[in-house]
Number of protein chains: 2
Amino acid sequence: MKLYSYFRSTAAYRVRIVLNLKQINYTIVSVHLVRNGGEQHSVEYLNINPQGLVPSLDIAAPNFDVVGPESKPQIITQSGAIIEYLEEAFPQPALLPINLTQRAYVRTLTQIIACDMHPLNNLRVLHYIEESFDCDDTEKMTWYHHWLTSGFAAIEVHLISKGSSHYCYDDQLTIADAYLIPQVYNALRFKLDMTPYPAVNRIYQHCIQLPAFSDAAPELQPDVDK
Amino acid sequence: MKLYSYFRSTAAYRVRIVLNLKQINYTIVSVHLVRNGGEQHSVEYLNINPQGLVPSLDIAAPNFDVVGPESKPQIITQSGAIIEYLEEAFPQPALLPINLTQRAYVRTLTQIIACDMHPLNNLRVLHYIEESFDCDDTEKMTWYHHWLTSGFAAIEVHLISKGSSHYCYDDQLTIADAYLIPQVYNALRFKLDMTPYPAVNRIYQHCIQLPAFSDAAPELQPDVDK
């Protein structure tokens with residue numbers, strides 16, 4: 001498989017973690033979101049991903065269902081769609097609980113991050129508010145912290161009410177952890193005070209030590225800014 | 001089941017459509033996002049949904065797995081988690097294709113809407129930019145249209161490249177349609193020019209005539225503003 005990725009993208013980071021957990025071989029194709037005016041805006045990349053966002057996953061690798069004379073790139077975009085695909089195509093290790101309401105709980109946590117935290121704080125949105133609303137750095141950070149604070153607060157309530165330990169769900173590593181760790185990484189980079197969220201911190205400290213997570217970290221990516 | 005809903009919320013609208021398509025009986029509990037300073041901020045509702053957002057679905061209804069002396073509310077929050085739960089718990093009619101890469105395609109469309117369009121344009125975000133960035137109505141509409149335009153443009157490319165007809169995916173009604181129709185409804189309400197998206201329009205015009213969709217429309221909800 002080929003993952004179109006940017007080292008700092010939390011959405012790409014999620015997918016790297018899941019690929020590692022599933023022990024799937026993949027190569028990184030760098031799409032630098034800042035250099036050259038943003039490589040995601042190139043015609044070549046827009047042919048792969050019409051949104052011009054990372055990640056995109058090309059699953060048409062050898063030994064896969066479209067291999068052969070007709071083999072051609074088969075692209076999945078949107079990290080949420082990619083991760084659900086990986087869970088269905090590579091069921092082991094399972095990254096969702098078996099019980100349906102517990103699966104829903106895990107997905108709730110992923111959606112809080114993917115819908116209500118990350119989209120408000122990615123590069124394109126920060127650019128927009130800077131340029132169109134003439135925000136200075138302080139206003140940008142207030143905006144950033146506002147959405148992260150409300151998201152983490154809700155996640156903390158969920159984690160406490162379910163009695164989480166080292167993982168978001170019980171003693172099982174799930175896709176919720178693959179969403180949470182990149183978001184915490186991003187929050188620390190933007191100097192958000194994480195002390196109000198001890199359950200989140202406990203999970204973060206545990207997971208970043210696991211190889212599937214540490215190997216996916218931005219600093220270890222081939223396209224990291226030197 | 002009980003759906004905590006607001007008639008205009010596109011996220012709640014999606015869930016209403018899926019409940020209707022699955023022919024699941026449910027009652028609406030109104031959470032008015034504007035009245036009384038926003039009923040979603042009440043202590044009672046925050047106990048149900050720590051994010052203070054709609055929708056929330058209480059699945060602990062009679063004939064369900066937690067019924068009995070220990071029966072208590074069993075809440076699922078986040079429309080994406082609710083819809084995946086409904087698809088797993090009530091497999092018929094299937095609202096995802098069987099083929100794994102086609103399932104991924106359908107989920108990609110849902111995530112474009114749920115992650116990159118709706119979260120930037122819901123009430124809480126429009127309030128924020130109005131109050132903190134001192135945006136006037138024109139700037140607010142420019143912001144709104146900006147994210148919807150880029151999202152619909154990407155969806156249109158996907159639909160054309162896959163050769164869609166009356167539905168987002170082939171001739172099968174899927175969860176992608178349940179996400180798309182409320183987003184178009186919302187766009188029309190905010191007077192977005194939809195003529196650049198003929199494939200989106202074709203699907204919209206077809207689906208809004210189906211009972212599962214028309215019954216879920218904001219105007220027909222018990223909590224509609226008179």
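Presented here is a report on the structure given in the accompanying data block. (Residues numbered from 1 in each chain as written. Chains lettered and ligands numbered in written order. Predicted model: local features only at pLDDT ≥ 70, side-chain atom pairs only at ≥ 80, totals over all residues. Heavy atoms only, no water.)

Before going further, it helps to examine helix α7 (residues 137-162) of chain A. All names here are of chain A. Helix length check: α7, at 26 residues, gives a terminal C-alpha distance of 37 Å against a target of 38 Å (1.5 Å per residue), a fit within 8%. Taken as a whole, α7 has its buried residues at Lys140, Trp143, Tyr144, Trp147, Leu148, Gly151, Phe152, Ala154, Ile155, Glu156, His158 and Leu159. By the N-cap criterion, in which a side-chain oxygen at the helix start approaches the backbone nitrogen of a residue two or three places on, α7 is capped by aspartate 136, the distance to threonine 138 being 3.2 Å. (Helix = DSSP H or I, 4+ residues; strand = E, 2+ residues; numbered from the N terminus. Expected span 1.5 Å × (residues − 1). Buried < 20%, exposed > 50% of the residue type's maximum accessible area, 1.4 Å probe, protein only. Polar contact = N/O pair within 3.5 Å; in protein donor to acceptor, adjacent residues only side chain to side chain.)

With that settled, consider the packing of aromatic side chains. All told, the structure shown has 22 aromatic pairs over all chains when counted by the stated rule. On the basis of an interplanar angle of 65° and a centroid distance of 4.9 Å, the ring pair of A:Tyr6 and A:Phe7 is categorised as edge-to-face. With a centroid separation of 5.5 Å and 45° between ring planes, the pair formed by A:Tyr128 and B:Trp147 is classed as tilted. Taken together, the positions of A:Tyr128 in helix α6 (residues 123-132) and B:Trp147 in helix α7 (residues 137-162) put the pair across two chains. Each of the two residues, A:Tyr128 as well as B:Trp147, counts as buried. (Phe/Tyr/Trp six-rings, centres within 6.5 Å; stacked < 30°, edge-to-face > 60°.)

Moving on: the relation of the copies chain B and chain A. Between chain B and chain A, the superposition needs a rotation of 180° and an axial shift of 0.0 Å, giving an RMSD of 0.0 Å. Such a combination of rotation and displacement between the chain copies is what one expects of a two-fold axis. Relative to the rotation axis, the C-alpha of B:Cys115 is the closest in chain B, positioned 2.3 Å from it. A share of 100% of interface residues in chain B that are also interface residues in chain A marks the association as one of identical surfaces. (Least-squares fit on C-alpha atoms with pLDDT ≥ 70 in both. Contact = heavy atoms within 4.5 Å.)

For the rest of this paragraph, the subject is the interface of chain B and chain A. In this assembly, 43 residues from chain B lie in contact with 43 residues from chain A. With both sides pooled, the region where chain B packs onto chain A buries about 4,000 Å², and carbon together with sulfur makes up 64% of that total. The largest share of the area that chain B buries against chain A comes from B:Glu88, B:Tyr128 and B:Phe133, three residues that together contribute 15% of it. Joining chain B to chain A, the criterion identifies 6 salt bridges. A:Arg124 is the partner of B:Asp116 in a salt bridge, and the nearest nitrogen-oxygen pair spans 3.7 Å. In this assembly, chain B and chain A are joined by 16 residue pairs in polar contact (both at pLDDT 80 or more). Looking at the side of chain B that touches chain A, the elements that each hand over two or more residues are β4 (75-77), α3 (79-89), α4 (100-116), α5 (118-121), α6 (123-132) and α7 of chain B. (Buried area = accessible area lost by both parts, 1.4 Å probe. Salt bridge = Lys/Arg side-chain N within 4 Å of Asp/Glu carboxyl O.)

Turning next to the pattern of salt bridges. Inspection of the entire model under this criterion finds 14 salt bridges over all chains. Each of the salt bridges in this network shares a partner with another, and the network as a whole consists of A:Glu84, A:Arg103, A:Arg107 and B:Glu88.

With that settled, consider the packing of helix α4 (residues 100-116) of chain A against helix α8 (residues 175-189) of chain A. Residue and element names in this part refer to chain A. Where α4 meets α8, the axes come as close as 8 Å, and the angle between the chain directions of the two elements is 25°. Viewed along their axes, α4 and α8 adopt a mutual orientation that is roughly parallel. Helix-helix and strand crossings are classified by hand; for α4 and α8 the assignment is left-handed. Along its contact with α4, which presents Val106, Leu109, Thr110, Ile113 and Ala114, the element α8 presents Ile175, Ala176, Tyr179, Leu180 and Gln183. Residues belonging to the contact of α4 with α8 are distributed by class as follows: 8 nonpolar, 2 polar and no charged. (Axes fitted to C-alpha atoms, helices over the stretch in contact; angles between N-to-C directions. Parallel < 35°, antiparallel > 145°, perpendicular 65-115°, else oblique. Left-handed = near helix turned anticlockwise from the far one by under 90°. Nonpolar A, V, L, I, M, F, W, Y, C, P; charged D, E, K, R; others polar.)

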